[in-house]
Amino acid sequence: MLGVAAAAVLATAGTLPSPEASAGAAAHDVHICHTRLVQDSRHVLLRVRCFRDDLDSALVLATGRRDRAVGRGAASDSALLRYVGQRVTVRVNGRVLPPMLAGAGADPDPSGEPAWWMLLSYEAGAPVTSLAVRQGLLLEVFATQQNLVQALRARDEARAALYFTRGEDRETAITFSR
């Protein structure tokens, strides 16, 4: 079970940088996902926050169906989980773990742009001794996509940060520091 520190980190939404309105088809010209990762003894949790229209674009591209946009019920949740499973890698103790969608929902951005959060759970089944991550969401959709990962090891509150962009999205071992 997650400790108080881990629960507090995941409960805090944070904000995405305020995007400037663009004249093109997109409602904004900043494409960013912010991920908070918490590693507990046998679990890894990710709270991912992206702009909703960006996730909608990715799901339509991945499925070929407009009715699979986020927040439209069980079928869209399944499509979202499949997409996340293809684009996000969590490797614990040398083994890639499958994601479980523990929650998701709308999260208004202070700029007015609709955002979407999802809580992903990864069960290690054994104490976590090594951890590597790839956060590749939306990199295939937007050339300027940026994915930030802030990681916390719950037992000692050690931290790490990772940054992924198109072409720089290799799975990366997390080395925590205090």
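Residues numbered from 1 in each chain as written. Predicted model: local features only at pLDDT ≥ 70, side-chain atom pairs only at ≥ 80, totals over all residues. Heavy atoms only, no water.

Draft legend 1. Here's a closer look at the state of the cysteines. Taken as a whole, this structure holds one disulfide when the rule is applied. Bridging C33 to C50, the disulfide has an S-S length of 2.1 Å. Taking the sign of the S-S torsion, about 110° here, the bridge from C33 to C50 comes out right-handed. Taken as a pair, C33 in strand β1 (residues 32-39) and C50 in strand β2 (residues 43-51) lie far apart in primary sequence, 17 residues in all. The two residues C33 and C50 agree in class, both being buried. (Disulfide = S-S within 2.5 Å. Helix = DSSP H or I, 4+ residues; strand = E, 2+ residues; numbered from the N terminus. Buried < 20%, exposed > 50% of the residue type's maximum accessible area, 1.4 Å probe, protein only.)

Draft legend 2. Just the sheet that holds β2, in detail. Here six strands make up an open sheet; going across it, the order is β5-β6-β2-β1-β8-β9 and the pairing mixed. Among the strands making up the open sheet, the edge pair consists of β5 (100-108) and β9 (158-165). Averaged over all neighbouring strand pairs, the angle between strand axes comes to 15°, with direction disregarded. Bridge count for β1 against strand β8 (residues 146-153) is eight bridges, and the pairing is parallel. Across the sheet, Q39 pairs through a bridge with R153, a residue of β8. Lying on the sheet, helix α2 (residues 52-63) is in contact with β2, β5 and β6 (114-123); it crosses β2 at an angle near 100°. The sheet strands contacting helix α3 (residues 74-87) are β5 and β6, and the helix crosses β6 at an angle near 65°. (Pairing = 2+ DSSP bridges. Axes fitted to C-alpha atoms, helices over the stretch in contact; angles between N-to-C directions. Contact = heavy atoms within 4.5 Å.)

Draft legend 3. Up close: the sheet that holds strand β10 (residues 172-173). Here four strands make up an open sheet; going across it, the order is β4-β3-β7-β10 and the pairing antiparallel. Only two strands of the sheet have a single partner each, and these edge strands are β4 (95-96) and β10. Of the strand pairs in this sheet, strand β7 (residues 131-135) and β10 are connected by two bridges, and their pairing is antiparallel. In the strand pairing of β10, A132 is matched with A173. In the packing of α3 onto the sheet, contacts are made with β3 (88-92) and β7, and the angle to β3 comes to roughly 65°.

By themselves, these figures tell us nothing about what the structure is for.
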